[in-house]
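Coordinate inspection notes
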Amino acid sequence: MSATTGRDVGGVRVLWQAAGAEWAKLWSVRSTWWCLAGAFALMVLAAVTLGGAYATEALRAAGPSSAAPVPASEAAVSATSFAQFALVALAMLTITAEYASGSIRVTLQAVPVRGVMLAAKALVLAPVMAATGVLSGAAATAAVYALLSLDVFGGLVVLPMGEVVRDLAGVGAYFALIAVLTLGAGAALRSAAGTLTVVFMLLMGLPLLLMMTGSGPAVAMSLRMPLFAGLAFMGSTDNMTGGPIPYSAGEGLAWLLAWTAAALATGHAVLRRRDA
């Protein structure tokens, strides 16, 4: 075996071991369970509320005989705008809690290569968040379908399985990428309050403020920030102000990946330059 191959195998082994340690840490604290439960609850409640609002508006505008049925999973996609913050809190805590307690020193002594430590956390967070997105999205879709099947809504709901699968996969991927973005921000800022503030402004505050200006360049910038990029990727065409998102799902994914990569690269750069 060449020296290069040996180093590659050793690096993979260290990453795998570090990911195992991060997995154990993630499930050993109660905050993980509370955040996941909060994400499920917010997904279902927000989807049911939005689904009911969509159906009510369709009935009011077109009447029971000609109103277009509501795809059940569409409400679940819209609900991600609310549920994502429970998972942002969880992703943030995976690194900022270690800085707050001082245990980051032990982590970096065990895994001294900063990039490997950050990659291990990302490798654990991403599949957990993706699974949470798929499962909570499925629960939200089922709840919306059950609600809109009631006589009061005239059965104004459809459940096209191809669209459901696409939407749930999109929700899972969006949650995974937002969690990794938050991890990068947390590594750079090291503060729970600072990370939560910056991520909230990036996901919700700044895009909506830019949208409210009505300025063409500001609106164009807001539509390419993570929230709207994620909505476009998940197939939504609504920019939350009644207008369209003017690009494809593929471009939405590209913007979302770019924001995530930028946050992770920033976090890695700060980790390399500053002591724990």
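The text that follows walks through the structure, step by step, so that each part is easy to find.

Conventions and cut-offs
- Residues numbered from 1 in each chain as written.
- Predicted model: local features only at pLDDT ≥ 70, side-chain atom pairs only at ≥ 80, totals over all residues.
- Heavy atoms only, no water.
- Helix = DSSP H or I, 4+ residues; strand = E, 2+ residues; numbered from the N terminus.
- Buried < 20%, exposed > 50% of the residue type's maximum accessible area, 1.4 Å probe, protein only.
- Core = buried A, V, L, I, M, F, W, Y, C linked by side-chain atoms within 4.5 Å.
- Contact = heavy atoms within 4.5 Å.
- Salt bridge = Lys/Arg side-chain N within 4 Å of Asp/Glu carboxyl O.
- Patch = residues over 30% accessible without salt bridge, like charges linked within 9 Å, V, L, I, M, F, W, Y side chains within 5 Å.
- Areas by Shrake-Rupley, 256 points an atom, 1.4 Å probe, with all protein chains shown as cover.
- 1 Å grid on protein atoms, 1.4 Å probe; cavity = no way out; pocket = protein on both sides within 12 Å on 5 of 7 lines; lining within 4 Å.
- Points joined across faces, edges and corners; volume = space filled by probe spheres on them.
- Nonpolar A, V, L, I, M, F, W, Y, C, P; charged D, E, K, R; others polar.

**Focus: the environment of Ala 169**
Mapped onto the elements, Ala 169 comes out in helix H6 (residues 161-189). Separated by 68 residues in the primary sequence, Ala 169 and Ser 101 have C-alpha atoms spaced 36 Å apart.

**A few points about unusual backbone geometry**
Most peptide bonds adopt trans geometry, and most residues besides glycine take a negative phi value. Despite not being glycine, Arg 190 has its phi angle at roughly 65 degrees, a positive value. Relative to the helices and strands, Arg 190 resides in the loop between H6 and helix H7 (192-213). Its relative accessible area of 12% is what places Arg 190 among the buried residues.

**Quick word on the nonpolar core**
One recurring pattern in soluble globular proteins is that nonpolar side chains are buried together. By size, the foremost hydrophobic cluster in this structure holds 71 residues, and its most contacted members are Met 129, Tyr 174 and Phe 175. At 14 residues, helix H3 (residues 72-101) tops the list of elements feeding residues into this core. Look past the residues within four positions of Tyr 174 in its chain and what remains in contact with it is Thr 80, Gln 84, Leu 203, Pro 226, Leu 227, Gly 230, Phe 233, Met 234 and Leu 256. Grouped together as the second largest cluster of nonpolar side chains are six residues, Leu 202, Leu 210, Met 225 and Ala 263 included.

**A word on the pattern of salt bridges**
All chains considered together, the criterion is met by six salt bridges. With a closest N to O distance of 2.5 Å, Lys 121 and Glu 98 form a salt bridge. Taken together, the positions of Lys 121 in helix H5 (residues 114-148) and Glu 98 in helix H3 put the pair 23 residues apart, joining distant regions of the chain. Owing to a relative accessible area of 7%, Glu 98 belongs among the buried residues under this scheme. By sharing partners, the salt bridges in this structure join Glu 22, Lys 25, Glu 98 and Lys 121 into a single network.

**Here we look at a nonpolar patch on the surface**
Residues Phe 200, Met 201, Leu 206, Leu 209 and Met 212 make up a contiguous nonpolar surface patch of about 480 Å² in total accessible area. You can see Met 212 is positioned in helix H7. Residue classification places Met 212 among the exposed positions, given a relative accessible area of 67%.

**Quick word on the environment of Ser 222**
The residue Ser 222 is located in helix H8 (residues 216-222) in this model. Residues Ser 222 and Met 204 lie 18 residues apart in sequence; the distance between their C-alpha atoms is 9.7 Å. Excluding its chain neighbours within four sequence positions, the residues that come into contact with Ser 222 are Pro 207, Leu 210, Met 211 and Phe 228.

**Observations concerning the layout of surface pockets**
Roughly 270 Å³ of volume is contained in the second largest pocket. For the lining of the second largest pocket, the elements supplying multiple residues, two or more each, are helix H1 (3-27), helix H2 (30-62), H3 and H5. When residues in the lining of the second largest pocket are grouped by element, the largest group, five residues, is from H3. Residue composition of the lining of the second largest pocket, by class: seven nonpolar, five polar and four charged.

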